[in-house]
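Chain and residue survey
If you want the building blocks of each chain, they are given just below.
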Amino acid sequence: MGELFAGLGEEGSGSSPSPPKKPFLLRSSQDRLSWALLSATPAGWGLSHCQPGRPHLALPAPRSFTGRQTMAEFSQKRGRQRDEVLGSTVDFLLANARLVLGVGGAAVLGIATLAVKRLIDRATSPRDEDDAKGDTTCLEESWKELTLLKTTPRLQPRTPPAALSQPASLPAPLPSAPEGPSDTEPQPLPQPSSPAPLCLTFQEKLLAFERDHVTIPEAHVALAKQLAGDIALELQAYLRNKFPELPFGALVPGGPLYDGLQGGAASRVRLLVPLVLEVGLWGLVPGVDTVARDPRCWAVRRTQLEFRPRGSSPWDRFLVGGYLSSRVLLELLRKALASSVNWPAIGGLLGCLIRPSVASEELLLDVQHERLELTVAVLLAVTGADAEDRLLLAWPLEGLAGNLWLQDLYPAEAARLRALDERDAGTRRRLLRLLCGVCRGHPALGRLDRCHLTQVVLCLGEEEVDWAEAALGERFLQALESLIDSLERASLPCHFNPGVNLLSGLREEEIDDIGFALYSGLQAPECLL
């Protein structure tokens with residue numbers, strides 16, 4: 001240990017960093033640290049409490065303040081003491097580094113020591129405005145350089161000409177080191193743009209309109225038929241109990257929903273209430289031969305009065321002037337449906353809400369189910385009164401035709417359309433559904449009902465043209481042209497009764513509005529869909 005301290009004294013007092021005459025070994029890292037601290041000890045420091053083989057430092061006694069000292073003076077003195085200690089330590093390390101580390105290690109240690117000393121001096125000394133500005137400028141330049149490095153695009157290797165026809169494989173993502181939090185959010189990767197929608201033809205748009213707005217789900221059709229059938233059974237039981245003397249036939253639900261002509265929604269069902277008339281006591285008189293002069297209607301006349309006087313038939317109490325009055329029968333059934341039938345109980349049994357419509361002149365039942373809304377039209381009908389088996393309905397007619405019966409041509413029209421489609425696998429009924437769907441939602445075309453459109457389709461359906469699905473768009477435009485032509489002439493004759501003009505019930509202003517809407521739709525048919 002004496003040799004160790006002697007060597008340290010000679011090395012610290014010499015002016016040149018020459019090696020000691022008698023070399024010594026530092027057995028451990030703790031010995032080296034003690035040696036460095038002892039050499040850097042200033043004049044006021046000494047050794048005390050040294051254990052054998054281990055030198056220790058003894059701190060000097062604290063100095064006493066003899067006078068008033070300000071906080072600034074105290075800080076300056078403490079700073080000078082720290083600088084003296086640090087400077088002595090650095091000088092000692094630089095002077096004796098060659099003994100342990102060699103020339104290269106001494107140079108590295110010197111540079112590192114100067115850098116640490118500079119950082120400590122900057123941290124302990126007050127900052128100047130110029131230094132702060134310089135640091136800010138350096139920081140900004142560093143960020144600019146980092147940004148330039150990040151935003152510099154990497155050139156991808158050019159694909160050889162032979163591989164242009166092959167599908168290019170995406171490069172595998174390179175593992176990147178996690179970046180620290182930044183002020184800007186990461187930009188999302190650009191998604192591959194979807195191909196631009198192709199321009200659809202009118203035929204394709206028409207088929208899409210049929211799929212979305214005309215076709216009725218099969219579940220709704222089945223539910224509507226089931227509700228109509230249940231209501232028919234309940235109403236038939238009521239009529240037999242309420243009017244046992246009147247021979248009503250079996251109530252039969254039907255209409256466009258049953259014939260595949262309903263489009264948009266399962267919203268309407270016809271419920272026929274047939275009157276069973278005695279054979280030979282009743283005859284039909286055309287409406288043109290009556291005082292009403294209405295070709296749409298027929299009068300039901302009581303015959304054989306000389307052999308079968310009045311009162312022989314249960315229907316004789318509804319006679320007006322020798323004719324069976326449709327108006328009287330309508331009033332009888334209207335009062336019964338509105339006040340006598342227990343519709344809440346029937347609706348609760350069927351799982352729906354049934355209410356008779358009071359505002360309409362027709363006999364309507366509004367049915368509300370959780371899955372659909374249905375309107376059931378109750379129609380008093382006379383069938384089998386002549387050889388041609390005409391179907392006559394009790395319809396609320398005005399004027400002199402109030403007691404007459406309206407001839408219903410719907411069954412004949414539906415049967416004819418079905419026969420034409422079955423003959424050439426055509427799309428006449430689909431065209432009728434499309435026309436009804438377009439007119440139903442249009443403010444001006446809504447005045448055209450199913451009867452008007454059926455005549456147009458029947459007139460076109462008799463022609464020998466292409467009725468395949470591929471020509472449905474052409475037939476649609478052809479139907480619009482036919483309607484415009486009929487409106488210009490203000491004449492749309494009934495297919496099975498040419499003496500009836502179906503446009504006679506429309507005013508001139510309404511015909512003009514319908515014609516303008518159809519002409520505009522013919523110029524741009526997509527606007528009607």
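Residues numbered from 1 in each chain as written. Predicted model: local features only at pLDDT ≥ 70, side-chain atom pairs only at ≥ 80, totals over all residues. Heavy atoms only, no water.

Turning our eyes to something else, we now look at the overall build of the protein chain. Along its length, the protein chain carries 14 helices and 13 strands. Taken over 529 residues, the protein chain has a buried fraction of 35%. Within the protein chain, contacts between residues separated by at least 24 positions form 60% of all contacts whose residues are at least 6 apart in sequence. (Helix = DSSP H or I, 4+ residues; strand = E, 2+ residues; numbered from the N terminus. Buried < 20%, exposed > 50% of the residue type's maximum accessible area, 1.4 Å probe, protein only. Contact = heavy atoms within 4.5 Å.)

Throughout the structure, instances matching the rule amount to three aromatic pairs. Plain terms: the ring middles of Phe202 and Phe476 are 5.8 Å apart, the flat faces sit at 45° to each other, and that makes the pair tilted. You can see Phe202 sitting in helix α5 (residues 202-214) and its partner Phe476 sitting in helix α13 (residues 472-489), a full 274 residues away along the chain. Judged by relative accessible area, which is 0%, Phe476 ranks as buried. The interplanar angle of 85° and the centroid separation of 5.6 Å between the aromatic rings of Phe248 and Trp315 together place this pair among those described as edge-to-face. Taken together, the positions of Phe248 in the loop between α6 (218-242) and β3 (252-254) and Trp315 in the loop between β6 (297-302) and β7 (319-320) put the pair 67 residues apart, joining distant regions of the chain. For the residue pair Phe248 and Trp315, the accessibility class agrees, reading buried in each case. (Phe/Tyr/Trp six-rings, centres within 6.5 Å; stacked < 30°, edge-to-face > 60°.)

Taken as a whole and judged by the stated rule, the model has 18 salt bridges. A salt bridge links Arg428 to Asp421; the shortest N-O distance between them is 3.2 Å. An identical accessibility class is assigned to Arg428 and Asp421; each is buried. Each of Asp421, Asp424, Arg428 and Arg429 takes part in a single network of salt bridges with overlapping partners. (Salt bridge = Lys/Arg side-chain N within 4 Å of Asp/Glu carboxyl O.)

Worth remembering: the numbers are spatial, not functional.
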